[in-house]
Amino acid sequence: MRKIIGIGETVLDIIFRNDQPIQAVPGGSTFNAIISLSRAGVKTSFISETGNDRVGQMIIQFLKDNGCEADSVSVYPDSKSPLSLAFLNEQNDADYIFYKDHPHDRLDFTFPEINEDDIVLFGSYYAINPVIRPQVKGFLDYAREHGAILYYDVNFRASHQYEVMKLTPNLLENFELADIVRGSAEDFEILFKKNDAEQVYRSEIMFYTKKFIYTNAALPIQLFADNGLKKQYPVDKTETVSTIGAGDNFNAGFLYGLLLNGITRSQLEEGLSESQWDSIVEQGTKFSAEVCRSLYNYVSPEFGAARKEELEQVEEE
């Protein structure tokens, strides 16, 4: 069975509405996607770090309870686990404040087993943080050497905009390593001062990889791929409770779509058909719409169970 390995931060998300806390859930961009994939019956593993505290214990137990292998989550005895405060506005979009008490960022883990056509999900500041870059880059190189598909979610927050110059070499290195790059309009506005998807693709991405997904909140998703394929996909209209995990779960659904369609690394390199891309992106939009219906950062167990059945049927065939 193919596996999806995520590498990224863990946080406790405390969600506010009208300046009052209404929910607290384990989170982190890659973490959210991995939990949803685990619930959808995918074999998963997560690489991260937590503090040696009640929050860290809760996060590790949450991974295990959802069927995710957590042996590569390091626990640091002199650290507190990070917190994220998310303030929902009237449109249920969030503004964030992050609190991190790790006195020394570091990453010390044993590489999980990676086989050909497994998938690695990486992104956010974690994937370009200079302090842990050697370990992250070493793992990504290892994954590529073992034939994994690498999916990079840029997810660059405005809180790091003054570090853009310093971080650009790591960003470009990630573009080069990735088989598929996804980013939002906000990411590329902050990084490159560009807000046109095709301009971003032609000037910043296609030199490194031909496969690019550009998302822009409720506006259509734009796909750029091999052989000049360019296509837009409408975003599902849904009653929104919170958009906190929307992008993370688009990633989860997209990767689920790769597995559901049996897409291998060699097929990706050769170039997929338009109908294959349609099917993969459709799963991304389904997962994203589902997560917006609740205050949780991941798809519901019921939604996951239905996807698990779907995946099992395909694997049996």
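Residues numbered from 1 in each chain as written. Predicted model: local features only at pLDDT ≥ 70, side-chain atom pairs only at ≥ 80, totals over all residues. Heavy atoms only, no water.

K.L.:
Looking at this structure, I do not really get the pattern of salt bridges. What am I missing?
P.N.:
Note on pairing: side chains with opposite charge can pair once their charged atoms come close. With the rule as written, the count across this model stands at 16 salt bridges. The salt bridge partner of R144 is D179, with a shortest N-O separation of 3.5 Å. Within this pair, whereas R144 is found in helix α3 (residues 133–145), its partner D179 is found in the loop between α4 (164–177) and β10 (180–184), the two being separated by 35 residues in sequence. For the salt bridge of K166 with E163, the shortest nitrogen-to-oxygen distance reads 3.4 Å. Each of the salt bridges in this network shares a partner with another, and the network as a whole consists of R144, D179, R265 and E269. (Salt bridge = Lys/Arg side-chain N within 4 Å of Asp/Glu carboxyl O. Helix = DSSP H or I, 4+ residues; strand = E, 2+ residues; numbered from the N terminus.)

K.L.:
Sorry, what's going on with the sheet that holds strand β3 (residues 20–27) here?
P.N.:
Two modes of strand pairing occur in sheets, parallel and antiparallel, and in both the strands are linked by backbone hydrogen bonds. One open sheet accounts for 4 strands, arranged β3-β2-β6-β7; its pairing is mixed. Looking along the sheet, the strands with just one partner apiece sit at the ends: β3 and β7 (94–99). With direction set aside, neighbouring strand axes in the sheet form an average angle of 20°. Pairing of strand β2 (residues 11–17) with strand β6 (residues 83–88), which is carried by 6 bridges, proceeds in the parallel orientation. By the bridge assignment, D13 is partnered in β6 with S84. (Pairing = 2+ DSSP bridges. Axes fitted to C-alpha atoms, helices over the stretch in contact; angles between N-to-C directions.)

K.L.:
Honestly, the pairing of strand β12 (residues 219–224) in this entry has me stumped. Any pointers?
P.N.:
The side chains of a regular strand alternate, residue by residue, between the two faces of the sheet. Where strand β11 (residues 212–216) meets β12, 4 bridges bridge the pair, whose relative direction is antiparallel. Note that in β12 the partner of N216 across the bridge is L219. Two successive antiparallel strands, β11 and β12, enclose a turn made up of 2 residues, where A217 displays a positive phi of approximately 50°. Pairing of β12 with strand β13 (residues 230–233) involves 4 bridges; the strand directions are antiparallel. From the neighbouring strand, I221 faces β13, where its bridge partner is Y233. In this antiparallel pair of consecutive strands, β12 and β13, the connection spans 5 residues, and N227 shows a positive phi of 60°.

K.L.:
I keep staring at the environment of P26 and nothing clicks. Help me out?
P.N.:
Looking at the secondary structure, you find P26 in strand β3. On the basis of relative accessibility, which here comes to 7%, the residue P26 falls in the buried class. Separated by 33 residues in the primary sequence, P26 and I59 place their C-alpha atoms 5.9 Å from one another. The residues contacting P26, other than those within four sequence positions of it, are V11, L12, F31, N32, I59, F62, N297 and Y298. (Buried < 20%, exposed > 50% of the residue type's maximum accessible area, 1.4 Å probe, protein only. Contact = heavy atoms within 4.5 Å.)

K.L.:
Could you clarify how one ought to interpret the packing of aromatic side chains in this entry?
P.N.:
Working definition: an aromatic ring pair is given by the centre-to-centre distance plus the angle between the planes. Evaluated as defined, the whole model comprises 24 aromatic pairs. Measuring from centroid to centroid gives 5.3 Å for F62 and Y298, while their planes differ by 40°, and the two rings are tilted. Of this pair, F62 sits in helix α2 (residues 54–65) while Y298 sits in the loop between α9 (274–291) and α10 (301–316), and the two are 236 residues apart along the sequence. Side by side, F62 and Y298 carry an identical accessibility label, which is buried. (Phe/Tyr/Trp six-rings, centres within 6.5 Å; stacked < 30°, edge-to-face > 60°.)

K.L.:
Is there a simple way to explain the nonpolar core in this structure?
P.N.:
Where a protein is soluble and globular, its nonpolar side chains tend to be buried together. In terms of nonpolar packing, the biggest core is built from 58 residues, with F254, L255 and W277 touching the most fellow members. For this core, the leading source of residues is helix α7 (residues 246–260), giving 8 residues. Setting aside residues up to four positions removed in sequence, L255 forms contacts with I4, L37, I119, L121 and Y151. Counting 40 residues, the second largest nonpolar core, distinct from the first, contains I128, Y152, L177 and F224. (Core = buried A, V, L, I, M, F, W, Y, C linked by side-chain atoms within 4.5 Å.)

K.L.:
How do you make sense of unusual backbone geometry when you look at a structure like this?
P.N.:
What is expected of a backbone is that most residues other than glycine have negative phi and most peptide bonds are trans. Although it is not a glycine, N92 sits at a positive phi angle of roughly 65°. Here N92 is to be found in the loop between β6 and β7. One non-glycine residue, A217, lies in the positive phi region at around 50°. With respect to the helices and strands, the residue A217 is situated in the loop between β11 and β12. A relative accessible area of 74% places A217 in the exposed class.

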